[in-house]
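Commentary on secondary and tertiary structure
Each chain, letter by letter, is given below.
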Amino acid sequence: MTGGAATGRVLALSGGVGGAKLAVGLARVVGAERLTVVCNTGDDFEHLGLHISPDLDSVMYALADKSDAERGWGRADEGWRFMEALGELGGEDWFRLGDRDLATHVERSRRLGMGEALTEITEELCRALGILPRVAPMTNDPVRTVVVTESGELAFQHYFVRDRCVPAVRGFRFDGIATARPSAPFSEALDDPALTAIIICPSNPFVSVDPIFALPGIEQRLGGRRAPIVAVSPIVGGQALKGPAAKMMAELGMPQTALEVARYYAGRRLLDGLVIDHLDAGLETAIRDLGVAVLVTQTVMTSVEDKTTLATECLVFAAGLETTP
Ligand code: FO1
């Protein structure tokens with residue numbers, strides 16, 4: 001690795017499954033004390049009397065090497081006896097909480113109920129799980145993503161899990177965003193003079209990254225940044241690697257391409273460089289024409305080596321980018 005990225009601090013902005021994969025690579029490359037991973041909390045919801053933070057969970061389990069590789073969410077070596085028993089009782093079983101995973105939600109909810117902040121609870125859960133990089137919610141304040149669909153408004157997890165992303169999307173709303181304040185670790189990372197790269201993980205731009213950008217003051221603070229912003233496209237060859245990003249783009253009347261991802265972020269001056277897959281190499285010139293630098297590489301992460309390689313490439317790429325605040 002070259003330049004500041006080898007010594008400076010790195011801020012990663014992440015949603016759930018895809019973001020968690022790159023976070024694992026960054027954690028191996030950057031060094032724990034120099035990495036902060038800020039997670040979307042727009043997906044959070046209250047369910048069965050518990051507070052669930054799906055993106056924090058996905059990132060924590062991935063960094064602790066406890067996530068289920070096939071599902072991408074939840075814990076490996078999981079049991080489902082709680083869900084079976086809940087189903088027998090006629091309870092709500094569309095959102096699957098594994099027996100081990102349940103412990104996280106119970107403990108987090110207990111502490112929230114005692115008045116502790118999500119940031120501190122996350123820090124302690126991370127400590128207990130042996131996670132060294134700083135993992136933080138984007139805010140301690142409640143923000144809830146609402147998906148506006150052709151069949152009405154749906155709370156995010158109802159749209160995503162219960163209704164399996166079937167209703168056509170018309171737009172999004174982040175309830176609570178106007179009064180939400182960035183968490184202390186997020187603010188500290190942004191203000192850190194040693195910050196050398198901001199990495200937008202390959203997460204859904206509309207429902208994973210936008211809630212983070214929509215926090216009051218964040219876009220302006222990013223506009224005055226010194227550190228370059230590099231995003232990894234979550235769209236590869238016209239498909240989302242995971243989740244409904246491509247389907248959402250089509251329903252919103254946007255072409256389902258990495259070029260459109262570049263336009264989406266760069267239109268708000270929130271992008272200096274985009275990492276795209278070899279499959280999308282044909283879009284390189286068009287993305288450069290937007291004033292966005294491009295790195296073409298393998299972005300599909302299957303093995304730990306893929307995650308580490310992509311993380312290294314993102315940081316080297318960022319180190320080579322000039323920014324004009
Ligand atoms: N995703 C699903 O598709 N089905 C589930 O039943 C489900 C349960 C679940 C429980 C805890 C948790 O932390 C995440 C869970 N997820 C589930 C994943 C989650 O809903 C999404 O991946 C994210 O919200 C999108 O980033």
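A few points on the structure. Everything numeric here is computed off the predicted structure, so don't read it as measured data.

Strand order in the open sheet formed by 7 strands is β5-β2-β1-β9-β10-β13-β14, and the pairing between neighbours is parallel. In this open sheet, the two edge strands, each paired with only one partner strand, are β5 (134–137) and β14 (293–297). Within this sheet the neighbouring strands show an average axis-to-axis angle of 20 degrees, counted without direction. Here strand β1 (residues 9–14) runs beside strand β9 (residues 195–200); their pairing, made up of 5 bridges, is parallel. Bridge pairing in β9 links L13 to I200. Most of the contacts of helix α2 (residues 54–63) go to β5, to which it runs at about 170 degrees, and overall it touches β1, β2 (35–39) and β5. Most of the contacts of helix α8 (residues 205–213) go to β1, to which it runs at about 125 degrees, and overall it touches β1, β2 and β9.

Taken across its 10 residues, α2 has 10 buried, putting it largely inside the fold. Listing the buried residues of α2 in full gives P54, D55, L56, D57, S58, V59, M60, Y61, A62 and L63. After α2 finishes, the residue D65 shows a positive phi value of roughly 55 degrees.

The subject of this paragraph is the site of the ligand. Taken together, 16 residues form the shell around the ligand, and within it D43, D55, D57, R96 and Q157 come nearest. Contacts to the ligand include D55, whose side-chain N or O atom sits 2.8 Å from an oxygen atom. The side chain of Q157 places a nitrogen or oxygen atom 2.8 Å from an oxygen atom of the ligand. Relative to its unbound accessible area of 530 Å², the ligand is 90% covered by the protein chains.

Once that is clear, we can look at unusual backbone geometry. In this structure, L48 takes a positive phi of about 55 degrees despite not being glycine. Relative to the elements of secondary structure, L48 occurs in the loop between β3 (45–47) and β4 (50–52). With a relative accessible area of 37%, L48 lands in the partly exposed category. Backbone geometry places R164, a non-glycine residue, at a positive phi of 45 degrees. For R164, the location among the structural elements is in the loop between α6 (156–162) and β8 (169–175). A relative accessible area of 65% means that R164 is categorised as exposed.

As a further point, take the side chain of S187. Looking at the secondary structure, you find S187 in helix α7 (residues 184–191). With a relative accessible area of 18%, S187 lands in the buried category. Beyond its immediate chain neighbours, meaning those up to four positions away, S187 contacts P182 and R221.

Attention now moves to the pattern of salt bridges. In this structure the tally under the stated criterion is 22 salt bridges. Between R111 and E107 there is a salt bridge; the shortest N-O distance is 2.8 Å. With R111 and E107 both in helix α4 (residues 99–113), this residue pair falls 4 residues apart, about one helical turn. A salt bridge links D175 to R173; the shortest N-O distance between them is 2.8 Å. Overall, D175 belongs to the partly exposed group, its relative accessible area being 32%.

Counted under the stated rule, the structure contains 0 disulfides. Free of any disulfide, C39 has its nearest neighbouring cysteine sulfur in C201, separated by 8.5 Å. C165 takes part in no disulfide bond, and the closest cysteine sulfur, belonging to C39, lies 19 Å away. Under the relative-accessibility criterion, C165 is labelled buried at 11%.

Here is what the cut-offs are and how they apply
- Residues numbered from 1 in each chain as written.
- Predicted model: local features only at pLDDT ≥ 70, side-chain atom pairs only at ≥ 80, totals over all residues.
- Heavy atoms only, no water.
- Pairing = 2+ DSSP bridges.
- Helix = DSSP H or I, 4+ residues; strand = E, 2+ residues; numbered from the N terminus.
- Axes fitted to C-alpha atoms, helices over the stretch in contact; angles between N-to-C directions.
- Contact = heavy atoms within 4.5 Å.
- Buried < 20%, exposed > 50% of the residue type's maximum accessible area, 1.4 Å probe, protein only.
- Near = heavy atom within 4 Å.
- Polar contact = N/O pair within 3.5 Å; in protein donor to acceptor, adjacent residues only side chain to side chain.
- Areas by Shrake-Rupley, 256 points an atom, 1.4 Å probe, with all protein chains shown as cover.
- Salt bridge = Lys/Arg side-chain N within 4 Å of Asp/Glu carboxyl O.
- Disulfide = S-S within 2.5 Å.

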